[in-house]
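Spelled out from the first residue to the last, the chains are:
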Amino acid sequence: MTDVMYTRIADDLRESILSGRLAPGDEVPTEGELAAQWNTSRGPIRNALAALRNEGLIETTRGRPSRVIKRKAHQPVDVSIPFTKWATQMGANPGALTQQVSLRRSDAATSGLLGIPEGEYVVDVLRLRTLDGRPTMLERLTYIEPAGRHLFDVDLDTVSITEFLASRGWTYADVDHEIDAIAADPTDASLLGVDEGTPILRLHRITRDAAGRTFETSDDRYRSDIVRFTVSASGRRLDGDRFIRPLGS
């Protein structure tokens with residue numbers, strides 16, 4: 001019964017936050033006020049507030065009422081979900097503004113990442129992704145030429161590249177992710193709408209097809225005030241390998 005009560009309280013507060021009745025910066029009713037409203041003890045109230053904190057909807061400062069905070073989108077990194085699908089699942093409207101699609105010869109660094117001889121052709125994409133019209137993530141994508149050539153045949157502002165390439169036979173079968181934080185460079189700052197030097201989150205990705213061939217490398221840069229990354233609590237993939245590894249392992 002207690003579990004049912006705290007769930008009802010959390011659902012009611014969550015609905016108030018998501019509907020805008022409680023806006024970012026607003027104080028959440030105190031434990032005493034909520035206990036009186038729901039005619040219950042403070043135990044279920046504290047559990048409900050803890051659930052909302054874990055969801056990133058409120059924050060609590062010692063000695064002060066809880067406050068609603070600006071919601072961050074949670075990006076899981078232990079699985080590979082196309083940005084468009086991820087945004088749609090959250091109820092957000094995804095957008096894309098392609099800045100560049102180009103063909104070039106690979107340098108040593110790119111060749112090493114893709115496992116191809118230096119000087120082979122690759123396709124680069126620079127694309128800004130938005131959530132509900134807000135600049136959220138800047139994609140720097142590089143593909144081996146047999147995969148990337150397909151991107152010249154479609155309006156990249158209107159498709160999920162992941163799903164489009166899968167329809168052309170380039171299926172994302174295995175993905176390695178690496179996360180760090182960097183300072184926004186001039187391109188990041190201009191397109192993401194932040195000051196140069198602002199800390200942003202970077203997700204580096206290496207993608208392989210079912211045969212184990214690397215065909216994509218990406219450097220995705222996220223506004224840290226909009227997106228947070230989450231990982232599996234187990235820290236392991238289904239095959240037993242670790243999602244989280246120390247540097248050099």
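Placed above this text is the structure.
Note that this is a predicted model, so its numbers are computed, not measured. (Residues numbered from 1 in each chain as written. Predicted model: local features only at pLDDT ≥ 70, side-chain atom pairs only at ≥ 80, totals over all residues. Heavy atoms only, no water.)

1. Brief notes about a nonpolar patch on the surface
A surface patch of nonpolar side chains, about 300 Å² in accessible area, is lined by L103, Y121 and F152. Along the chain, F152 falls in the loop between α6 (145–148) and α7 (161–167). Given a relative accessible area of 43%, F152 falls into the partly exposed group. (Patch = residues over 30% accessible without salt bridge, like charges linked within 9 Å, V, L, I, M, F, W, Y side chains within 5 Å. Areas by Shrake-Rupley, 256 points an atom, 1.4 Å probe, with all protein chains shown as cover. Salt bridge = Lys/Arg side-chain N within 4 Å of Asp/Glu carboxyl O. Helix = DSSP H or I, 4+ residues; strand = E, 2+ residues; numbered from the N terminus. Buried < 20%, exposed > 50% of the residue type's maximum accessible area, 1.4 Å probe, protein only.)

2. With respect to the packing of helix α2 (residues 31–38) against helix α3 (residues 42–54)
Relative orientation of the contacting elements α2 and α3 amounts to 115°, with a least axis distance of 9 Å. With respect to the hand of their crossing, α2 and α3 are arranged in right-handed fashion. Across the interface between the two elements, E31, G32, L34 and A35 of α2 pack against R42, I45, R46 and L49 of α3. By residue class, the composition of the contact of α2 with α3 is four nonpolar, one polar and three charged. (Axes fitted to C-alpha atoms, helices over the stretch in contact; angles between N-to-C directions. Left-handed = near helix turned anticlockwise from the far one by under 90°. Contact = heavy atoms within 4.5 Å. Nonpolar A, V, L, I, M, F, W, Y, C, P; charged D, E, K, R; others polar.)

3. Let's talk about the pairing of strand β8 (residues 199–208)
Consecutive side chains of a regular strand alternate in pointing toward one face of the sheet and then the other. Here strand β7 (residues 174–183) runs beside β8; their pairing, made up of 10 bridges, is antiparallel. Residue pairing in the sheet places D180 in a bridge with R202 of β8. Of the strand pairs in this sheet, β8 and strand β9 (residues 214–223) are connected by nine bridges, and their pairing is antiparallel. Directly across from T207, in β9, lies its bridge partner E216. Two successive antiparallel strands, β8 and β9, enclose a turn made up of five residues, where G212 displays a positive phi of approximately 90°. (Pairing = 2+ DSSP bridges.)

4. Overview of the pattern of salt bridges
Going through the model one piece at a time under the given rule, you end up with 21 salt bridges. Of the charged contacts in the structure, one is a salt bridge between E15 and R21, with a shortest N-O distance of 2.3 Å. In this structure, D219 engages R221 in a salt bridge whose closest nitrogen and oxygen atoms are separated by 2.9 Å. Assessed through its relative accessible area of 10%, R221 is described here as buried. Connected through shared salt-bridge partners, R140, D180, D185, D188, R202, D219 and R221 make up one network.

5. Quick word on the environment of L22
Position of L22 relative to the elements: it lies in the loop between α1 (2–19) and α2. As for L22 and I69, which are separated by 47 residues in sequence, their C-alpha atoms are 9.8 Å apart. Dropping the residues within four chain positions of it, L22 is found in contact with L13, S16, I17, E27 and V68.

6. Quick notes on the environment of T158
For T158, the position within the fold is in the loop between α6 and α7. Taking relative accessible area as the criterion, T158 reaches 58% and is therefore assigned exposed. From its side chain, T158 meets the backbone oxygen of D155 in a polar contact 2.8 Å long. (Polar contact = N/O pair within 3.5 Å; in protein donor to acceptor, adjacent residues only side chain to side chain.)

These results come straight from atomic positions and should not be treated as a statement about function.
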